[in-house]
Amino acid sequence: MSGVTEQALPHGVGTGIGSMPGTGANAAAEAATIVFGELPQFPHLPELPDRGLGADLVGRTAGLLVDLAVEEVPSGYRVTARPGAHHRRAVDLLRWDVDAFSDAADRAGARPTVVKTQVAGPWTLAAGVELARGHRVLTDHGATRDFAESLLEGLAGHVAELTQRTGAGVVVQLDEPSLPTVLAGALPTPSGYGTVDAVPEPEARELLATVVSGVEKVTGNPVIVHCCASRPPVALLRAAGAGALAIDATLLDGAPGSLLDELGEAWDAGTELLLGLVSAEAPAVPPGLRDVASPALRLVDRLGFNRSILAERALPTPTCGLASARGEWVRRALSLTRDLGKAFIEPPEGW
């Protein structure tokens, strides 16, 4: 951790989780323009999963792999001997997205000190790709390690390009939506007739720690690990070295005491929390700033912290990606996120 920048994440701002809606030829440019318009201080490289093959979390990340390639099969993605059309599509989509992101920054005159990019974490990647014989990568310890190492190598080039194109530092967010299922042994086999054996927590922690440490060396910044499950494995993520945790804070009202204890310990230890507070889809009743802030305020009060902790160790985000958002809600959600970040620093009267 010695090479990690102190307080690399900006405060008094908001950021996005990653995905945005859009499928057309100009979708990447439109998404990047919205991001720089609403989140100029901590913009994230948009993902557009509705474009299909190679644009989803696993396919997009697989496009970064070095000396490993995947192809689409009926059950998802499978390792292939050499890059084919499916792999090239993922590589091309990401290249176009980086171009659009860089162009949008130039048009906006934005000069953020740090930008964020998102990739699948090692367990979600290993859960989402099959080996040639049809089993998931995570069933083979050696293959799982190979994928993690390849991801780190590919990320190094991706981060270097983002830095060169934007002039900003880069924070990497590892998305681990599949991790709770992997730990619980609830991941279905590709055939659908059984489940994959649970990965022991020490093994899960060790591999994630290797990747987190490797990403830190590449960026010099803390690594965000995102898990939007209702009961994210907070203690494991912290033990793996995550400098920040991105969670859906709207799901915490009924959280057990053990999870609250883990969150309190994380804040005590200086871990940043990216709190998902703004709905990813337009609610029936347009919310005000206090409405979206309420879960964060309740969390702080339940944990017994002074509310100033929100200014010191928290950033607001949408509850998850915005790929399903429609109409003006995309801009509104991100503007609420930005305004909430400011309110964490200077709470309105009555909070």
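What you see as residue numbers is a count from 1 along each chain, following the sequence as written. Given that the model is predicted, a residue must reach a pLDDT of at least 70 before its local features are reported, and side-chain atom pairs must reach 80 or more before they are shown or counted; all residues, however, enter totals for whole chains, interfaces and linings. Side-chain metrics rest on all non-hydrogen atoms present in the structure, leaving aside hydrogens and water.

Colleague: Explanation requested: the overall build of the protein chain in the structure shown.
Modeller: By the criteria applied, helices consist of DSSP H or I runs no shorter than four residues and strands consist of E runs no shorter than two, each listed in order from the N terminus. Helix and strand counts for the protein chain come out as twelve helices and nine strands. Over its C-alpha atoms the protein chain spans a radius of gyration of 19 Å, differing by no more than 12% from the 20 Å that the globule rule assigns to 351 residues. Expressed as lengths along the three principal axes of its C-alpha atoms, the size of the protein chain is roughly 60 × 45 × 45 Å. Burial classes: relative accessible area under 20% of the type maximum marks a residue as buried, over 50% as exposed, and values in between as partly exposed (1.4 Å probe, protein chains only). A total of 351 residues make up the protein chain; the buried ones form 55% of that total. Long-range pairs, those at least 24 residues apart, make up 76% of the contacts in the protein chain with a sequence separation of at least 6. Total accessible area on the protein chain is roughly 14,200 Å²; 49% of this is exposed by carbon and sulfur atoms. Charged residues are defined here as Lys and Arg on the positive side and Asp and Glu on the negative side; His and the ends of the chain fall outside this count. Here the site of a charge means NZ on Lys, CZ on Arg, CG on Asp, or CD on Glu. Separation of charge centres in the protein chain, based on 28 positive and 42 negative side chains, amounts to 3 Å. Here the globule rule is a power law, 2.2 Å times the number of residues to the power 0.38, and the radius of gyration is based on C-alpha atoms. Working rule for contacts: check all heavy atoms of both residues, and any pair within 4.5 Å makes them a contact. For every accessible area listed, the method is Shrake-Rupley and the probe measures 1.4 Å; residues are considered covered only by the protein chains on display.

Colleague: Help me understand the environment of Asp 56 in this model?
Modeller: Relative to the assigned elements, Asp 56 resides in the loop between α1 (27-38) and α2 (57-62). On a C-alpha basis, the gap between Asp 56 and Val 196 in space is 22 Å, while along the polypeptide they are 140 residues apart. When sequence neighbours within four positions are dropped, the list of residues in contact with Asp 56 reads Pro 49 and Tyr 77. Any pair of N or O atoms that falls within 3.5 Å is considered a polar contact. Within protein, one atom must be able to donate a hydrogen and the other to accept it, and sequence-neighbouring residues count only if both atoms are side-chain atoms. Side-chain polar atoms of Asp 56 contact the backbone nitrogen of Gly 59, separated by 3.1 Å.

Colleague: Even after reading the chapter, I still don't get helix α3 (residues 85-108), so can you show me in this structure?
Modeller: Think of an α-helix as turning once every 3.6 residues; residues three or four places apart then point the same way. What a helix is expected to span follows from its residue count: subtract one and scale by 1.5 Å. Counted at 1.5 Å a residue, the expected span for α3 with its 24 residues is 34 Å, and the 34 Å between its end C-alpha atoms agrees. Its buried side turned inward, α3 meets α1, α2, β1 (69-73), β3 (114-120) and α5 (141-166). Once α3 ends, the next one or two residues include Gly 109, with phi positive near 65°.

Colleague: Any chance you could explain the packing of helix α10 (residues 289-303) against helix α12 (residues 329-345) here in plain terms?
Modeller: Helix-helix packing: each pair is described by the crossing angle between the helix axes and the interaxial distance. Orientation is described by lines fitted to C-alpha atoms, with helices fitted over the stretch in contact, and by angles between N-to-C directions that extend from 0 to 180 degrees. It is at 10 Å that the axes of α10 and α12 come closest, and there the two elements cross at 65°. When you trace α10 past α12, the crossing you get is right-handed. Note on element contacts: α12 touches α10 through Leu 336, Asp 339, Leu 340, Ala 343 and Phe 344, opposite Leu 289, Val 292, Ala 293 and Ala 296. Left-handed describes a crossing whose near helix is turned anticlockwise from the far helix by less than a right angle; the clockwise case is right-handed.

Colleague: How do you make sense of the nonpolar core when you look at a structure like this?
Modeller: One broad trend across soluble globular proteins is that nonpolar side chains are buried collectively. Counting residues in hydrophobic clusters, the biggest one holds 99 residues, and the most contacted among them are Leu 263, Trp 267, Leu 275 and Leu 310. Discounting chain neighbours no more than four positions away, the residues touching Trp 267 are Leu 273, Leu 299, Val 300, Leu 303, Phe 305, Ile 309, Leu 310, Arg 313 and Ala 314. Among buried residues, those of type Ala, Val, Leu, Ile, Met, Phe, Trp, Tyr and Cys that are joined through side-chain atoms within 4.5 Å constitute a nonpolar core. Membership of the second largest hydrophobic core comes to eleven residues, among which are Leu 9, Ile 17, Val 171 and Ala 244.

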